[in-house]
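Structural description and commentary
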Amino acid sequence: GMSGLIAQQSLEDCGIIINMNKLPYDEKNAKITSGMRLGTPIVTKNGMGDEEIDPITTLVDTVLKKAKVLSDSKYELDDSVKEEVKEKVKQIATRFPLR
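Keep in mind it's a predicted model, so treat the numbers as computed, not measured. (Residues numbered from 1 in each chain as written. Predicted model: local features only at pLDDT ≥ 70, side-chain atom pairs only at ≥ 80, totals over all residues. Heavy atoms only, no water.)

With that settled, the discussion passes to the overall build of the chain. The secondary structure content of the chain amounts to four helices and four strands. When the elements of the chain are put in sequence order from the N terminus, they spell out α-β-β-α-α-β-β-α. Here the C-alpha atoms of the chain give a radius of gyration of 14 Å, agreeing with the 13 Å that 2.2 N^0.38 yields for 99 residues. Overall size of the chain, expressed as C-alpha extent along the three principal axes, is 40 × 30 × 20 Å. (Helix = DSSP H or I, 4+ residues; strand = E, 2+ residues; numbered from the N terminus. Rg over C-alpha atoms; globule rule 2.2 N^0.38 Å.)

The biggest cluster of nonpolar side chains holds 19 residues, and the ones touching the most others in it are Leu 11, Ile 16, Leu 59, Val 63, Leu 77 and Val 85. Breaking this core down by element, the ones donating at least two residues are α1 (4-12), α3 (50-66) and α4 (79-93). If one sorts the elements of this core by residue count, α4 sits on top with four residues. (Core = buried A, V, L, I, M, F, W, Y, C linked by side-chain atoms within 4.5 Å. Buried < 20%, exposed > 50% of the residue type's maximum accessible area, 1.4 Å probe, protein only.)

Geometrically, a packed helix pair is captured by the angle between its two axes and the distance between the axes. Running from N to C, α3 and α4 point in directions that differ by 165°, and their axes come no closer than 11 Å. In terms of their interaxial angle, α3 and α4 are classed as roughly antiparallel. Two packed elements cross with a definite hand, and for α3 against α4 that hand is left-handed. Contacts from Glu 52, Pro 55, Ile 56, Leu 59, Val 63 and Lys 66 of α3 reach α4 at Val 81, Val 85, Lys 88, Val 89 and Ile 92. For the contact of α3 with α4, a count of residues per class yields eight nonpolar, no polar and three charged. (Axes fitted to C-alpha atoms, helices over the stretch in contact; angles between N-to-C directions. Parallel < 35°, antiparallel > 145°, perpendicular 65-115°, else oblique. Left-handed = near helix turned anticlockwise from the far one by under 90°. Contact = heavy atoms within 4.5 Å. Nonpolar A, V, L, I, M, F, W, Y, C, P; charged D, E, K, R; others polar.)

Considering all chains together, one arrives at six salt bridges under this definition. A salt bridge links Lys 28 to Asp 72; the shortest N-O distance between them is 3.2 Å. Of the two residues, Lys 28 is situated in the loop between β1 (19-21) and β2 (35-37) and Asp 72 in the loop between β3 (68-69) and β4 (75-76); the sequence distance between them amounts to 44 residues. Judged by relative accessible area, Lys 28 falls into the partly exposed class, the value being 24%. Taking the shortest distance from any N to any O, the salt bridge between Glu 52 and Arg 95 comes out at 3.1 Å. Of this pair, Glu 52 sits in helix α3 while Arg 95 sits in the segment after α4, and the two are 43 residues apart along the sequence. Classification of Glu 52 as buried rests on a relative accessible area of 7%. (Salt bridge = Lys/Arg side-chain N within 4 Å of Asp/Glu carboxyl O.)

Structure (structure tokens):
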């Protein structure tokens with residue numbers, strides 16, 4: 001029941017940037033969508049590999065599982081989850097400055 005918009009917003013609130021994405025035969029409008037897209041080129045361009053991708057996917061999974069969906073555009077996520085994930089994202093990202 002999670003929309004692409006909720007996935008995008010909840011992850012961004014935790015320091016992970018993705019794009020909501022319209023899927024084939026998507027019944028939701030383009031401002032909500034049913035899907036999301038993870039952009040791996042920027043991750044690999046900055047030197048990240050398997051060692052970093054595994055923890056990143058775990059963080060994405062954690063946020064999406066802990067976000068409580070209230071509607072297609074509203075959700076709740078405990079502040080402690082946000083802060084914990086933000087800190088882990090920071091620990092990974094600071095090792096790989098943007099090129």
